[in-house]
Amino acid sequence: MQQKLYNLIIKRRSIRLFKQRKVPSAVIKKGVNAARLAPCAANLQFLEYLVVKDKLLREKIFTYTRWAGYLYPRRTPPAGMRPTFYVFILMNKEKSQNFDLRDVGAAAENMILTFLEQGVGACWIASLDRKSLGNFLNIPKNYEIDSVIAGGFAAEEPKLEQDAKNIKYWLDKKNRLHVPKRSLKDIIYFDSLTTLQA
Ligand SMILES: Cc1cc2nc3c(=O)[nH]c(=O)nc-3n(C[C@H](O)[C@H](O)[C@H](O)COP(=O)(O)O)c2cc1C
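What you see as residue numbers is a count from 1 along each chain, following the sequence as written. Local features are withheld for residues below a pLDDT of 70 in this predicted model, meaning they are given only at 70 or higher, and side-chain atom pairs are given and counted only at 80 or more; totals for whole chains, interfaces and linings count all residues. To get the side-chain values, all heavy atoms of the structure are used, and hydrogens and water are removed first.

K.L.:
Before we move on, could you go through the sheet that holds strand S7 (residues 177–180) and cite the residues and values that matter?
P.N.:
If DSSP finds at least two bridges between two strands, the strands pair. Each helix corresponds to a stretch of at least 4 residues labelled H or I by DSSP, and each strand to a stretch of at least 2 residues labelled E; elements are numbered beginning at the N terminus. As summarised here, the arrangement of the three strands in space is S5-S7-S6, forming an open sheet in which the pairing is mixed. If you trace the sheet from one side to the other, it starts and ends with strand S5 (159–161) and strand S6 (170–171), each paired once. Here S6 runs beside S7; their pairing, made up of two bridges, is antiparallel. Residue pairing for S7: Trp 170 is matched across the bridge by His 178.

Next up, the structure:
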């Protein structure tokens, strides 16, 4: 049996270094379309998306984002390796007064995986200066910025580290990012939280 989706999920890592080749709008639209169709509580559909490709806008947006906190500032993308597009995830207050952030999670992951399926890397950024971004991008008052997906063709290949004891990602001598994940056996329980093996 083919396991295309599962393989993509395993392969996905946050990408913070990008080639400067442009990503076609059709690729970005497909990602946003996958976000649009994600499950959402009560089907309220309060999420909307602002895509930014313009170079001057991108340069300013970058200054309002913060990258790889555990390695700051070593994994902040340098000029020439920054995202080639951004997709802002906006929450429309006219569609809901009580945003269920699980909706954002489902939509964002749909989008990131759909980008990856098309060969495009991404990093989900929630560490943002929302106030400055709202002003700079003229976001109307009835919207809140949740987060942004920064994307482009990947110029790095972070390595998954299984069975990690420490959760902090690190850089090796060749500047490759290693991303530790807790092991399956440490996080899965069957029938009771005191059961060790299925
Ligand atoms: C809700 C959320 C917010 C995040 N915000 C940031 C961020 O502001 N800056 C950043 O560099 N990475 C950010 N990330 C990426 C995480 O650091 C990354 O997912 C984590 O280190 C695990 O690596 P992986 O995505 O390669 O599995 C965020 C991820 C999520 C899910």
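K.L.:
I'd like a description of the domain arrangement of the protein chain, backed by residues and values.
P.N.:
Reported domain spans reflect what an automatic or database domain assignment gives. By the assigned domains, the protein chain splits into domain 1 (11–157) and domain 2 (158–198). For domain 1 versus domain 2, the separation of C-alpha centres amounts to 25 Å. Residue contacts are defined here by distance: any two heavy atoms, one from each residue, within 4.5 Å place the two residues in contact. Across the boundary between the two partners, domain 1 contributes 12 residues, which contact 13 residues of domain 2. Throughout, buried area stands for the accessible area (probe radius 1.4 Å) lost by two parts on being put together, summed over both. Carbon and sulfur atoms supply 60% of the area that domain 1 and domain 2 bury against each other, a total of about 1,100 Å² over both sides. When the buried area of domain 1 at its contact with domain 2 is split by residue, Arg 13, Tyr 70 and Glu 157 rank highest and sum to 53% of it. Between Lys or Arg on one side and Asp or Glu on the other, a salt bridge is scored when a side-chain nitrogen of the former is within 4 Å of a carboxyl oxygen of the latter. Remark: the boundary between domain 1 and domain 2 carries zero salt bridges. Lys, Arg, Asp and Glu make up the charged group, whereas Ala, Val, Leu, Ile, Met, Phe, Trp, Tyr, Cys and Pro make up the nonpolar group; the residues left over, Gly among them, are polar. Considering only residue class, the side of domain 1 that touches domain 2 consists of four nonpolar, two polar and six charged.

K.L.:
Pulling in residues and values, what's your account of the pattern of salt bridges?
P.N.:
A full pass over the atoms with the stated rule returns six salt bridges. A salt bridge links Glu 156 to Arg 75; the nearest nitrogen and oxygen atoms lie 2.7 Å apart. Within this pair, whereas Glu 156 is found in the loop between strand S4 (143–152) and S5, its partner Arg 75 is found in the loop between helix H3 (55–63) and strand S2 (85–92), the two being separated by 81 residues in sequence. What makes Glu 156 buried here is its relative accessible area of 11%. The salt bridge partner of Glu 161 is Lys 159, with a shortest N-O separation of 3.6 Å. Each residue is assigned to one of three classes by its accessible area relative to the maximum for its type, calculated with a 1.4 Å probe on protein chains only: buried under 20%, partly exposed between the two thresholds, exposed over 50%.

K.L.:
Provide a residue-level description of the site of the ligand, including the pertinent values.
P.N.:
A single heavy atom is enough: if one lies within 4 Å of a molecule or strand, its residue is considered near that molecule or strand. Arg 13, Ser 14, Arg 16, Ala 68 and Lys 181 are the nearest of the 15 residues found near the ligand. The term polar contact refers here to a pair of N or O atoms within 3.5 Å; inside protein, the definition further demands a hydrogen-donor-capable atom paired with an acceptor-capable atom, and it admits residues adjacent in sequence only when both atoms are side-chain atoms. One of the backbone nitrogen or oxygen atoms of Ala 126 is found 3.1 Å away from a nitrogen atom of the ligand. Where accessible areas are quoted, they stem from the Shrake-Rupley method and a 1.4 Å probe; at the residue level, only the protein chains shown are allowed to cover. Relative to its unbound accessible surface of 620 Å², the ligand loses 73% to contact with the protein. Counting residues per element, the shell around the ligand draws most heavily on strand S3 (residues 121–125), at three residues. Each of domain 1 (11–157) and domain 2 (158–198) contributes no fewer than three residues to the shell around the ligand.

K.L.:
Account for the packing of aromatic side chains, naming residues and giving values.
P.N.:
Each Phe, Tyr or Trp ring (for Trp, its six-membered ring) is paired with any other whose centre lies within 6.5 Å, and the angle between the two planes then decides the class: stacked below 30 degrees, edge-to-face above 60, tilted in between. The final tally for this structure, using the stated rule, is six aromatic pairs. Criterion for a charge above a ring: Arg CZ or Lys NZ at most 6 Å from the ring centre, at most 35 degrees from the ring normal. The residue whose ring lies beneath Arg 16 is Tyr 169, and the NZ or CZ to ring-centre distance is 5.2 Å. In this arrangement the basic side chain of Arg 66 is found over the ring face of Tyr 72, its NZ or CZ atom lying 3.8 Å from the centre.

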